[in-house]
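Structural description and commentary
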Amino acid sequence: MAIHKVMVIGAGQMGAGIAQVCAQSGYEVVLNDLSEEALDKGLKGIERQLARSVEKERMTEKEKTEVLGRLNTSRQRSDAESCDLIIEAVVENMEVKTKVFADLDEIAPEHAILASNTSSLPITEIAAATKRPDQVIGMHFMNPVPVMKLVEIIRGLQTSDETFKAIEDMTVQLSKTPVEVQDFPGFVSNRILMPMINEAIYAVYEGIASPEDIDTVMKLGTNHPMGPLTLADFIGLDTCLYIMEVLHDGFGDSKYRPCPLLRKYVKAGWLGRKSGRGFYQYE
C-alpha cells in the first residue's frame, strides 16, 4: 500500500517530532490537536528545529521552506478522511487512545492504516476498538524523534503482513531503523529500560549513593551516554511510573513493582525537567 498523506494526532513533543520527520521525508502531513495552543507550540518547535538544521548546514533555506510547505495543522479529526496513515501520539492512557481509534475508524478511508506511538500499551487492545484490527499497528518512536534512529514496530494479534510491510518500508523512508516487536507490555525498549531506571531509584531510596554518583557509575562504568536518573527526569517521572505500572499489571511479577520513592516524587509534582524538579533541579 502506498502512503502519501499522513495525519499525526497530538501536537506534543512526540507528535510534533513525528510530523517533522514525515514532512522532511517528503510526505504531506497534517498535524492535528484539539488545542490551538498545542498546535502553535508544536509548529514553532518544528520551525526552531529546522532553523537549527539550516544554521548547521544540514539543510538549505529552500529545503526548510519546502518541508514547512508540506506541513499543515488541523483541529478537526474529520481531516483524517483524506489520509493514508494516521499516527496517534496522545496521552498514554488506554481509555483516551481507544476513543481516538474508534473515532478514526469511522472517519479514515477503508485503506488507511491506524498506528499508535504508545510506549507500553497493548496494540491488540487498541485495535479491538476498531473494525479494522488487521490495519492497526504500533510505531514506537524514540524521543527526541528527529534525532533517534529506532522505531519499534509492534504487531497486534491481527495485524496483517501487508500492514507491517507498509509501515516497515515507510520507517526506512524516514531514515529510521525498524525493529519488529511482538505485543507484550513495554515491548522491548521499555521492558528493559524502565526496570533499570526503577532499580536506580531504589538505590537512591535505600541510601546506597546520591543521584549524581549513581549516574556517574552508569556513565563511566557501563558507557551509558546519560545516567538513568538524568534520563528519568528527561522522560518524565510520571511517565516512568505509568510504564512501570503497565509492566507490573501486565506481568504480575514483583520485579516490576514501582519504587515507593518514584511514587512519592510524582505525588509531590516532582516530574523531572518539565516541572523544574525531579532527581535534579532545573531552571
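Since the structure is predicted, the reported quantities are computational estimates derived from the model, not experimental observations.

What follows deals with the overall build of the protein chain. Helix and strand counts for the protein chain come out as eleven helices and eight strands. The C-alpha radius of gyration of the protein chain comes to 19 Å, within 12% of the 19 Å expected for a compact globule of 283 residues. Dimensions of the protein chain along its principal axes, counting C-alpha atoms only, are 55 × 45 × 30 Å. Counting only residues that meet the buried cut, the protein chain has 49% of its 283 residues in that class. Taking all contacts inside the protein chain whose residues are at least 6 apart in sequence as the whole, residues at least 24 apart take part in 67%. Carbon and sulfur atoms make up 51% of the accessible area of the protein chain, which amounts to about 13,900 Å² in all. Computed over 30 positive and 41 negative side-chain charges, the inter-centroid distance for the protein chain is 4 Å.

Attention now goes to the packing of helix α7 (residues 189-205) against helix α11 (residues 260-268). Axis separation between α7 and α11 bottoms out at 8 Å; the angle between their running directions is 90 degrees. Considered as vectors, α7 and α11 are oriented roughly perpendicular to each other. Note on element contacts: α11 touches α7 through P260, L261 and L262, opposite N198, I201, Y202, V204 and Y205. Here the contact of α7 with α11 is built from residues that sort into seven nonpolar, one polar and no charged.

What follows is about the pattern of salt bridges. Under the criterion given, the structure shown has 16 salt bridges. A salt bridge links E66 to K62; its shortest N-O distance comes to 2.6 Å. Taken together, the positions of E66 and K62, both in helix α3 (residues 61-69) and four residues apart, correspond to about one turn of that helix. Of the residues examined, E66 reaches a relative accessible area of 35% and is grouped as partly exposed. Three or more residues joined by partner-sharing salt bridges are found here, namely R77, K99 and D103.

This part takes up the nonpolar core. Grouped together as the largest cluster of nonpolar side chains are 37 residues, with contacts concentrated most on V6 and L85. Counting residues per element, this core draws most heavily on helix α1 (residues 13-24), at seven residues. Apart from the residues lying within four places of it in its own chain, the contact partners of L85 are I3, K5, V6, M7, I113, A115, I167 and M170. Listed in part, the 24 residues of the second largest apolar core include A203, L231, Y256 and Y280.

So, about the packing of aromatic side chains. Tallied over the full model, the rule gives four aromatic pairs. For the pair Y265 and W270, a centre-to-centre distance of 5.0 Å together with 65 degrees between the ring planes defines the contact as edge-to-face. One aromatic cluster is present, built from ring pairs that chain together Y265, W270 and F279. The ring of F164 has R155 sitting right over it, with the charged end atom 4.4 Å from the ring centre. For R277, the ring lying beneath its charged end belongs to W270, and the centroid distance is 3.7 Å.

Attention now goes to the UniProt feature "domain: 3-hydroxyacyl-CoA dehydrogenase C-terminal" (unreviewed entry) in the protein chain. As recorded in UniProt, the sites labelled "domain: 3-hydroxyacyl-CoA dehydrogenase C-terminal" (unreviewed entry) are residues 186-282. This span, residues 186-282, is 63% helix and 0% strand, and a straight line between its end C-alpha atoms measures 28 Å.

For the rest of this paragraph, the subject is the pairing of strand β2 (residues 28-32). For β2, a buried count of four out of five residues is recorded, marking the element as mostly surrounded by other parts of the structure. Pairing analysis gives five bridges linking strand β1 (residues 5-9) to β2, with the strands arranged parallel. The residue bridging V6 from the neighbouring strand is V29, located in β2. Handedness of the crossover joining β1 and β2 through α1: right-handed.

On to unusual backbone geometry, then. That bond from N143 to P144 is cis: its omega, 0 degrees, falls within 30 degrees of zero. The topology assignment puts P144 in the loop between β6 (136-141) and β7 (150-155). Positive phi outside glycine occurs at E57, with the angle close to 60 degrees. Within the secondary structure, E57 is located in the loop between α2 (36-55) and α3. Positioned with a positive phi, F187 is a non-glycine residue whose angle comes to about 55 degrees. By the secondary structure assignment, F187 is in the loop between β8 (177-182) and α7. Classification of F187 as buried rests on a relative accessible area of 3%.

In this model, the largest pocket occupies a volume close to 1,600 Å³. Residue lining of the largest pocket: 44 residues in total, with Q13, M14, N143, I235 and T239 positioned closest to the centre. Secondary-structure elements contributing two or more residues to the lining of the largest pocket are α1, α2, β6, α7, α9 (228-235) and α10 (237-251). Among the elements that line the lining of the largest pocket, the one with the most residues is α7, at five residues.

With 15 residues, α10 extends 21 Å from end C-alpha to end C-alpha; this agrees with the ideal 21 Å at 1.5 Å per step. Of all the positions in α10, only L237, C240, L241, I243, M244, V246 and L247 are classed as buried. The inward-facing, buried residues of α10 abut α7, α9 and α11. Of the residues trailing α10, G252 is marked for its positive phi of about 65 degrees.

Conventions adopted
- Residues numbered from 1 in each chain as written.
- Predicted model: local features only at pLDDT ≥ 70, side-chain atom pairs only at ≥ 80, totals over all residues.
- Heavy atoms only, no water.
- Helix = DSSP H or I, 4+ residues; strand = E, 2+ residues; numbered from the N terminus.
- Rg over C-alpha atoms; globule rule 2.2 N^0.38 Å.
- Buried < 20%, exposed > 50% of the residue type's maximum accessible area, 1.4 Å probe, protein only.
- Contact = heavy atoms within 4.5 Å.
- Areas by Shrake-Rupley, 256 points an atom, 1.4 Å probe, with all protein chains shown as cover.
- Lys, Arg positive; Asp, Glu negative; His and termini not counted.
- Charge placed at Lys NZ, Arg CZ, Asp CG, Glu CD.
- Axes fitted to C-alpha atoms, helices over the stretch in contact; angles between N-to-C directions.
- Parallel < 35°, antiparallel > 145°, perpendicular 65-115°, else oblique.
- Nonpolar A, V, L, I, M, F, W, Y, C, P; charged D, E, K, R; others polar.
- Salt bridge = Lys/Arg side-chain N within 4 Å of Asp/Glu carboxyl O.
- Core = buried A, V, L, I, M, F, W, Y, C linked by side-chain atoms within 4.5 Å.
- Phe/Tyr/Trp six-rings, centres within 6.5 Å; stacked < 30°, edge-to-face > 60°.
- Lys NZ or Arg CZ within 6 Å of the ring centre and 35° of its normal.
- UniProt positions renumbered as here; feature names shortened; annotations may be inferred.
- Pairing = 2+ DSSP bridges.
- Right-handed = clockwise from strand over helix to strand, strands pointing away.
- 1 Å grid on protein atoms, 1.4 Å probe; cavity = no way out; pocket = protein on both sides within 12 Å on 5 of 7 lines; lining within 4 Å.
- Points joined across faces, edges and corners; volume = space filled by probe spheres on them.
- Expected span 1.5 Å × (residues − 1).

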